[in-house]
Amino acid sequence: MKNTKRVLVGLASVVLIVTLFSVLGQAQEKIYIPVLSKGFQHQFWQAVKLGAEQAAAEFGVEITFEGPESESQVDKQIDMLQAALSKNPDAICLAALDSKAVIPLLEQAQAANIPVIGFDSGVDSDIPLATASTDNIAAAALAADKMVELIGGEGEVAVIVHDQTSRTGIDRRDGFVNRIKEAYPKVKIVDVQYGGGDHLRSTDLAKAIIMAHPNLKGFFGANEGSAIGVLNAVIEMNMEGKIVVIGYDSGKPQMDAIRSGVMAGAVTQNPIGIGYEAVKAAYLAIKGEKLDKTIDTGFYWFDNDTIDADHIKPLLYD
């Protein structure tokens, strides 16, 4: 009887040990996906983070979400990407600040068989298996159409863009500028400047443009920081109602400005959807699923008449 008990206890111990190692093995094998954004200074990225976390919970993966303090810190983002790759992740999601500078590191990822998924801003490479983003050229062209309509079909307009190195900066600039040049000969773009997505720098640039062009009728800010800079300049120079301001993205300052009438309207992306689709695509890539090269997450124009519409409200963030 005693021997039987010893055998049973021994078997139970073996089962317990096997189970424990199995659980530990599963914990260690949990899929890890670092998500590198362009920054943290705008509410947009917090909304992207929320979407990424929703996908991580749904697909049972572990993510980290980080980015430099400013969207002008290309070198810091590259350092972050290098650190993320050194952890040998299962996949990586990247919103590149510089569409060319990250390519050597993406080549390292490819050599290590680490799937790369772009989000928000693509790169000048075929290495990313998919990119979850807005069609920024089409979205900025829509902003141009609205601008021309609101300034009465003719006059001078200016643009503040966040940068000329990321895919989003290039596409939003070109989408707006080319639409004006191709379709509206009576509208002249008098200046395009780059504020690095920084509110204060964009404000100073916008004020300088307004002073240099007293007949300016419209101003487009191509991301959250750029648009807030334009707003600040218009308010500080008492030009409310005299300059049509159109923005991009939909944080609280822009929403408040649209409700008050200082900003005519803006193009909103789907930031939660961008974060969600990026992590989902990374998970599917790890599982060997074939992905569409482009995941279009959509965009909408909104103004004071539509800001509370059912199809717009889920896309706004504050």
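Before reading on, note that the structure itself is shown above.
Below: a short report on this structure. Keep in mind that what you see is a predicted model, and the values were worked out from it rather than measured.

1. Looking at helix α8 (residues 224-236)
- The end-to-end C-alpha separation of α8 is 18 Å, in line with the 18 Å expected for 13 residues at 1.5 Å each.
- Counted residue by residue, α8 has ten buried out of 13 residues, so it is predominantly covered.
- Where α8 is concerned, the buried positions are E224, G225, S226, A227, I228, G229, V230, L231, A233 and V234.
- Those residues of α8 that are buried are in contact with α2 (43-59), β6 (155-161), α7 (199-212), β8 (216-221), β9 (244-248) and α9 (252-260).

2. Observations concerning the pairing of β6
- β6 sits mainly inside the fold: six of its seven residues count as buried.
- Crossover connection from β6 via helix α6 (residues 167-183) to parallel strand β7 (residues 187-194): handedness right-handed.
- When β6 meets β8, the two strands line up parallel, connected through five bridges. In the sheet register, V159 faces β8, and the bridge partner there is F220.

3. What to know about the packing of α8 against α9
- Two numbers describe how α8 lies on α9: the axes approach to 10 Å, and their chain directions differ by 45 degrees. Compared by their axis directions, α8 and α9 come out oblique. Note that α8 runs across α9; the crossing there is left-handed. When α8 is examined against α9, the residues E224, A227, I228 and L231 are found in contact with a partner set consisting of P253, Q254 and A257.
- Looking at side-chain class alone, the contact of α8 with α9 contains five nonpolar, one polar and one charged residues.

4. Let's talk about α2
- With 17 residues, α2 extends 25 Å from end C-alpha to end C-alpha; this agrees with the ideal 24 Å at 1.5 Å per step.
- Every buried residue belonging to α2 is among F44, W45, A47, V48, G51, A52, A55, A56 and F59, and all of these are buried.
- Phi for G60, located one or two positions after α2, is positive at around 70 degrees.

5. Section: unusual backbone geometry
- With phi around 65 degrees, D120 is a residue other than glycine that occupies positive phi space.
- By secondary structure assignment, the location of D120 is in the loop between β4 (116-119) and β5 (130-133).
- Not every positive phi belongs to a glycine, and D249 is a case in point at roughly 85 degrees.

6. Here's the deal with the nonpolar core
- Core analysis: the largest hydrophobic core is formed by 32 residues, its most contacted members being I33, V61, I63, C93, I117 and F119.
- Sorting the residues of this core by element identifies β1 (32-36), α2, β2 (62-66), β4, β5 and α10 (271-286) as the ones contributing at least two each.
- The contact partners of V61, leaving out residues within four places of it in the chain, are K30, I31, I33, A56, V279 and Y283.
- In this structure, I160, L216, M263 and F302 belong to the second largest nonpolar core, which totals 26 residues.

7. Digging into the packing of aromatic side chains
- Under the definition given, this model contains six aromatic pairs.
- An angle of 80 degrees between the planes, with centres 6.4 Å apart, marks the rings of W45 and F119 as edge-to-face. Of this pair, W45 sits in helix α2 while F119 is found in strand β4, placing the two residues 74 residues apart along the sequence. F119 carries the same exposure label as W45, and that label is buried.

8. A word on the side chain of D98
- When you line up the elements, D98 lands in the loop between β3 (92-94) and α4 (103-111).
- Despite its burial, D98 remains without a salt bridge, the nearest opposite charge being carried by K100 at 6.6 Å.
- A distance of 2.9 Å separates the side chain of D98 from the backbone nitrogen of K100, its partner in a polar contact.
- In terms of polar contacts, D98 uses its side chain to reach the backbone amide nitrogen of A101, at 3.0 Å.
- The contacts of D98, once residues within four sequence positions are left out, are V74 and T165.

About the thresholds
Residues numbered from 1 in each chain as written. Predicted model: local features only at pLDDT ≥ 70, side-chain atom pairs only at ≥ 80, totals over all residues. Heavy atoms only, no water. Helix = DSSP H or I, 4+ residues; strand = E, 2+ residues; numbered from the N terminus. Expected span 1.5 Å × (residues − 1). Buried < 20%, exposed > 50% of the residue type's maximum accessible area, 1.4 Å probe, protein only. Contact = heavy atoms within 4.5 Å. Right-handed = clockwise from strand over helix to strand, strands pointing away. Pairing = 2+ DSSP bridges. Axes fitted to C-alpha atoms, helices over the stretch in contact; angles between N-to-C directions. Parallel < 35°, antiparallel > 145°, perpendicular 65-115°, else oblique. Left-handed = near helix turned anticlockwise from the far one by under 90°. Nonpolar A, V, L, I, M, F, W, Y, C, P; charged D, E, K, R; others polar. Core = buried A, V, L, I, M, F, W, Y, C linked by side-chain atoms within 4.5 Å. Phe/Tyr/Trp six-rings, centres within 6.5 Å; stacked < 30°, edge-to-face > 60°. Lys, Arg positive; Asp, Glu negative; His and termini not counted. Salt bridge = Lys/Arg side-chain N within 4 Å of Asp/Glu carboxyl O. Polar contact = N/O pair within 3.5 Å; in protein donor to acceptor, adjacent residues only side chain to side chain.

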